[in-house]
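Topology and contacts: notes
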Amino acid sequence: REPLPGLDVLYFITPSADNIELLLADFKTEGTPQHRHVHFVASQPVAMDLMTKLAESRNLAPRMKSLLELPLSFVVIQDRGFHFDMLSSFQALFPIIDPGLASTVAHRLVDVCRCLQVT
């Protein structure tokens, strides 16, 4: 990508180890930043180890102006409907529940509640 050191940038990413490394690579060189300021939006909660990497970055941390977690682990199909895009989940939940899948579904339901501001 072309460096635009005079402009701010918005990064909207899924916070995985690979994606955080790619973000940090944009700010690897101290003298030539990719962008002036960074606004970071994560599509799900950022794990503590990844948050630590972001905070410890000498070149990125001073340029970070905002960080927001926007829970988008579901697909909205109409104003009153959503799904998790998990086609094979029914077989993994019945008759014997896969604990990993049950945890994933629970986290995604929490994301729906957060977006709807359900308390």
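Use the structure listed above.
A few points on the structure. (Residues numbered from 1 in each chain as written. Predicted model: local features only at pLDDT ≥ 70, side-chain atom pairs only at ≥ 80, totals over all residues. Heavy atoms only, no water.)

Considering the sheet that holds strand β1 (residues 9-13)
Heads up, the rule is: By this definition, two strands are paired if DSSP reports at least two bridges between them. Working definition: helices are DSSP H or I runs of at least four residues, strands are E runs of at least two. Numbering for both runs from the N terminus. Axes here mean lines fitted to C-alpha atoms, for a helix over just the part in contact, with angles spanning 0 to 180 degrees between N-to-C directions. Throughout, a contact is declared for two residues whenever any of their heavy atoms are within 4.5 Å.
The three strands are arranged β1-β2-β3 in an open sheet whose pairing can be described as parallel. Every other strand in the sheet has two partners, leaving β1 and β3 (64-69) as the edge strands with one partner each. Here the average twist between neighbouring strands, direction ignored, is 15 degrees. Inspection of the sheet shows β1 paired to strand β2 (residues 38-42) by five bridges, in the parallel sense. Directly across from F12, in β2, lies its bridge partner V41. Of the strands in this sheet, β1 and β2 are in contact with helix α1 (residues 17-26), which crosses β1 at around 165 degrees.

Considering the nonpolar core
Within soluble globular proteins, side chains that are nonpolar tend to cluster in buried spots. For the record, the criterion: Note on terminology: a nonpolar core comprises buried Ala, Val, Leu, Ile, Met, Phe, Trp, Tyr and Cys residues joined through side-chain atoms within 4.5 Å. Remark: exposure states derive from per-residue accessible area (1.4 Å probe, protein chains only) relative to the maximum for the residue type, with buried under 20%, exposed over 50%, and partly exposed in between.
In terms of nonpolar packing, the biggest core is built from 15 residues, with Y11, I20, L23, V38, F40, L54 and L60 touching the most fellow members. Sorting the residues of this core by element identifies β1, α1, β2 and α2 (48-56) as the ones contributing at least two each. In contact with F40, other than residues within four places in its own chain, are Y11, I13, I20, L23, V46, L54, M64, S66, L67 and L68. In this structure, F74, L93, L101 and V112 belong to the second largest nonpolar core, which totals six residues.

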